[in-house]
Amino acid sequence: MLRAQKLTIKENTQLNENTFKLVLQGDVPQDLKPGQFAEVKVPGFSLGRPLSLNDFDQESVTFVYRIAGKGTKELTTLKEGELDVINGCGNGFTLKENEHVLVVGGGIGTAPLLPLIRALKENNCKVDVIFGFRERKETLFEEELKALGVGFWITYDSEGNNVVTKMLELGKEDLYFYACGPLPMMAALTNASKASGQCSLETRMGCGFGACMGCSLQLKERTARICKEGPVFAKEEIIWQNLK
Amino acid sequence: MAELKVNLSGLELKNPLIPASGTFGYGLDFLDFFDVNEVGSFAIKGTTLNPRYGNPLPRIAESPSGMLNAVGLQNPGVHEVVEKVLPELRKVYMGKVLANVSGFSVEEYRECARLLDQEELTGIIELNISCPNVHGGGMSFGTDPASAVEVLKAVKEVTTKPVYVKCTPQCPDLPEMCRKLEENGADGLVLLNTWLGTRLDLRTGKPILKNITGGVSGPGIFPLSLYRVYQIAPLVNIPIIGCGGVSSASDVIEMMSAGATAVELGTACLTDPLCVPRILEDLQTLLKDLGIDDINAIIGRAHK
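Every value quoted in this text rests on a predicted model; they were computed, and no experiment measured them. (Residues numbered from 1 in each chain as written. Chains lettered and ligands numbered in written order. Predicted model: local features only at pLDDT ≥ 70, side-chain atom pairs only at ≥ 80, totals over all residues. Heavy atoms only, no water.)

A. Structural context of helix α2 (residues 113-122) of chain A. All names here are of chain A. Here α2 lies mainly inside the structure; 7 of its 10 residues are buried. By the burial criterion, the buried members of α2 are Leu113, Leu114, Pro115, Leu116, Ile117, Ala119 and Leu120. Buried residues along α2 sit against β5 (55-56), β8 (100-106), β9 (126-133), α3 (142-148) and β11 (176-180). Count one or two residues on from α2 and you reach Asn124, which has phi positive near 65 degrees. (Buried < 20%, exposed > 50% of the residue type's maximum accessible area, 1.4 Å probe, protein only. Helix = DSSP H or I, 4+ residues; strand = E, 2+ residues; numbered from the N terminus. Contact = heavy atoms within 4.5 Å.)

Next up, the structure:
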């Protein structure tokens with residue numbers, strides 16, 4: 001459930017040029033799900049930064065985040081103390097059981113897919129993973145994927161390859177998919193896949209818990225708040241030009 | 001414990017804290033955080049006759065001490081609000097609300113207000129002639145006293161409850177506007193809605209908000225709104241609800257000292273969903289330090 005809380009910074013370390021790992025400790029909600037996010041308040045900034053859960057257990061939450069602007073840049077400088085957090089935001093992914101599925105991530109959008117892959121494996125799914133990055137030095141989670149024992153492929157824009165062409169090359173366009181990444185990537189994937197799937201979306205948010213209507217999106221049959229009814233939606237519901 | 005009860009046109013509030021329209025939904029999104037019965041009252045999301053999606057995304061930008069929104073009056077329409085939303089709210093909320101009525105024509109304001117006036121939950125009709133994020137309605141009524149009076153009179157004809165008018169800082173002559181509203185039957189004033197502004201994307205140089213402009217809110221505007229309350233309070237004899245950047249117990253005391261009987265909390269509800277219980281606790285400490293045992297004693301003390 002949603003909880004407004006103070007959590008203690010346990011770790012805030014650099015993973016690569018623009019990407020950091022933040023671990024916060026405290027009395028976290030016990031029902032967190034892959035695909036959910038938290039609004040992390042950076043002192044001196046009005047609005048929280050919506051950061052997806054990269055990992056969580058009974059007493060901590062982990063975020064892997066990219067420097068996207070002044071707020072996240074400031075966040076990288078905080079190495080100790082407490083942060084105000086609204087935890088347990090959003091719906092999270094709906095998990096399949098006993099199925100062969102494809103997990104596709106792009107850039108920092110790969111962060112929420114790690115706990116998803118773990119949960120899918122626990123649900124006895126066969127999981128194939130395609131992650132894409134702009135260039136090799138931006139690679140994330142390669143070691144984690146090896147340790148998880150899933151089949152995985154990594155593509156690099158700089159080498160003329162991407163997750164969609166890789167999916168088609170591997171003939172995996174019939175697999176039910178989960179996706180998180182840049183909007184053009186997810187739109188292209190949705191188009192190219194012959195199967196159904198779920199996409200985790202983002203936009204600029206106000207509150208992160210459904211009060212301000214700042215992230216309300218028109219879907220094909222309904223209107224939904226990305227922060228509350230989302231951020232994960234079935235691909236069939238999404239009208240991509242409404243996100244541009 | 002200091003007495004916090006205040007009275008708005010006969011409606012008794014257990015405290016002067018009122019989450020502002022558009023920052024508290026219909027109350028239901030805060031149930032995860034605290035018992036919403038702790039609020040003095042709250043203003044429901046701006047409601048129009050017909051359902052509205054509002055403006056395209058992005059609708060939100062940040063400022064150094066606040067935020068901008070260009071939501072554009074998204075709401076399910078008054079019929080759904082009356083038939084589905086308010087019955088849900090009645091199950092969990094025992095108080096009364098400020099029913100925020102918005103519109104694009106005098107007729108729409110009148111019909112929307114008529115329907116909300118019949119609701120048991122409605123304590124006050126809050127006439128929103130100040131939304132900066134819609135075109136052809138909202139704020140255009142709030143910048144011209146003749147148009148504002150026309151809407152007010154039409155709404156007063158069909159309502160039995162007190163009508164408070166939420167004004168815009170974009171009004172070129174706010175003192176004149178407020179005098180005219182009082183003369184024509186306004187029971188109270190809400191000063192003020194958001195201030196028109198914009199932000200540009202650092203990389204592209206283009207506006208962040210798809211609507212180009214948005215309403216600026218948050219602690220950064222507090223002195224601006226406070227001054228307008230200070231300026232208007234001596235000119236009228238109807239209650240004022242102070243609104244604009246209030247985010248702490250000391251802000252509440254300043255706003256009430258300037259002449260407000262109660263305050264609306266906007267951005268504070270979005271950036272700290274627990275702001276109402278937090279401010280209530282701080283308010284007791286602060287009033288004790290100041291040696292004040294009834295908060296009514298500070299209303300308008302700036303002018304005494």
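B. Layout of the nonpolar core. In this structure, Leu201(A), Leu116(B), Leu127(B) and Leu189(B) are the most contacted members of the largest nonpolar core, which totals 142 residues. Leave out the neighbours within four places in its chain, and Leu127(B) touches Val101(B), Tyr109(B), Val151(B), Leu152(B), Val155(B), Val163(B), Tyr164(B), Val165(B) and Lys166(B). Within the second largest apolar cluster, 26 residues are counted, among which are Val64(A), Leu116(A), Val129(A) and Phe141(A). (Core = buried A, V, L, I, M, F, W, Y, C linked by side-chain atoms within 4.5 Å.)

C. Seen up close, the state of the cysteines. Residue and element names in this part refer to chain A. Evaluation of the coordinates by the stated rule reveals 0 disulfides over all chains. This cysteine, Cys89, is not joined by any disulfide, and Cys227 carries the nearest cysteine sulfur, 7.2 Å off. With no disulfide of its own, Cys207 lies closest to Cys212 among cysteine sulfurs, the gap being 3.9 Å. Cys207 sits in the buried class, given a relative accessible area of 2%. (Disulfide = S-S within 2.5 Å.)

D. Inspection of the sheet that holds strand β12 (residues 197-200) of chain A at higher detail. Residues and elements named next belong to chain A. As summarised here, the arrangement of the 6 strands in space is β10-β9-β8-β11-β12-β15, forming an open sheet in which the pairing is mixed. The open sheet terminates on both sides in strands that have one partner only, identified here as β10 (151-156) and β15 (232-234). Adjacent strand axes in the sheet meet at a mean angle of 15 degrees, parallel and antiparallel pairs treated alike. Taken strand by strand, helix α5 (residues 183-192) contacts β8, β11 and β12, and its axis lies near 170 degrees from that of β11. (Pairing = 2+ DSSP bridges. Axes fitted to C-alpha atoms, helices over the stretch in contact; angles between N-to-C directions.)

E. Fine view of the packing of helix α6 (residues 222-232) of chain B against helix α7 (residues 249-257) of chain B. Residues and elements named next belong to chain B. Orientation of α6 relative to α7, taken along the N-to-C sense of each, is 25 degrees, at an axis distance of 9 Å. Comparing the axis directions of α6 and α7 gives the class roughly parallel. Contact residues: α6 offers Phe222, Ser225, Leu226 and Val229, while α7 offers Asp251, Glu254 and Met255. (Parallel < 35°, antiparallel > 145°, perpendicular 65-115°, else oblique.)

F. Looking closely at the pairing of strand β6 (residues 60-66) of chain A. All names here are of chain A. When you tally the buried positions in β6, you get 6 out of 7 residues, the bulk of the element. In the sheet, strand β2 (residues 19-25) pairs with β6 via 7 bridges, with the strands oriented antiparallel. Among the inter-strand pairings, Leu22 is bridged to a residue of β6, identified as Phe63. The sheet contact formed by β5 and β6 spans 2 bridges and is antiparallel. Looking at the pairing, Asp55 lines up with Thr62 of β6. Linking β5 back to β6 in an antiparallel pair, the connection comprises 3 residues.

G. Quick look at the pattern of salt bridges. A complete count under the given rule lists 26 salt bridges over all chains for this structure. Of the charged contacts in the structure, one is a salt bridge between Arg136(A) and Glu159(A), with a shortest N-O distance of 2.6 Å. In this pair, Arg136(A) sits in the loop between β9 and α3 while Glu159(A) sits in the loop between β10 and α4 (163-170), placing the two residues 23 residues apart along the sequence. The salt bridge partner of Asp187(B) is Lys156(B), with a shortest N-O separation of 2.8 Å. With Asp187(B) in the loop between α5 (174-183) and β10 (188-191) and Lys156(B) in helix α4 (residues 145-158), this residue pair connects regions lying 31 residues apart in the sequence. For Lys156(B), a relative accessible area of 29% translates into the label partly exposed. Taken together, the shared-partner salt bridges connect Arg225(A), Lys228(A), Glu229(A) and Asp29(B) into one network. (Salt bridge = Lys/Arg side-chain N within 4 Å of Asp/Glu carboxyl O.)

H. Local environment of the interface of chain B and chain A. At the interface, 32 residues of chain B touch 34 residues of chain A. Roughly 2,500 Å² of surface becomes buried between chain B and chain A when both sides are summed, with 56% attributable to carbon and sulfur atoms. Put simply, chain B and chain A have 3 salt bridges between them. Between Arg49(A) and Glu62(B) there is a salt bridge, and its shortest N-O distance comes to 2.7 Å. For the pair chain B and chain A, the number of links is 11 residue pairs in polar contact (both at pLDDT 80 or more). Of all elements in the fold, only β5 (60-63), β6 (66-69) and α8 (267-271) of chain B reach the threshold of two or more residues within the side of chain B that touches chain A. Sort the elements by how many residues they give to the side of chain B that touches chain A and β5(B) lands first, with 4 residues. For the side of chain B that touches chain A, the residue count by class is 16 nonpolar, 8 polar and 8 charged. (Buried area = accessible area lost by both parts, 1.4 Å probe. Polar contact = N/O pair within 3.5 Å; in protein donor to acceptor, adjacent residues only side chain to side chain. Nonpolar A, V, L, I, M, F, W, Y, C, P; charged D, E, K, R; others polar.)

I. Spotlight on unusual backbone geometry. The step from Leu57(B) to Pro58(B) runs through a cis peptide bond, and the omega angle for that step is -5 degrees. Tracing the backbone through its elements, the reader meets Pro58(B) in the loop between β4 (42-43) and β5. Along the chain, Leu191(B) connects to Leu192(B) via a cis peptide bond; the corresponding omega equals 10 degrees. Structurally, Leu192(B) is set in the loop between β10 and β11 (195-197). One non-glycine residue, Asn98(A), lies in positive phi territory at about 50 degrees. The residue Asn98(A) is located in the loop between β7 (82-89) and β8 in this model. Note on Asn98(A): relative accessible area 53%, which makes it exposed. Here the phi dihedral of Asn124(A) falls at roughly 65 degrees; this positive angle occurs in a residue that is not glycine. As for its position among the elements, Asn124(A) is in the loop between α2 and β9. What makes Asn124(A) exposed here is its relative accessible area of 56%.

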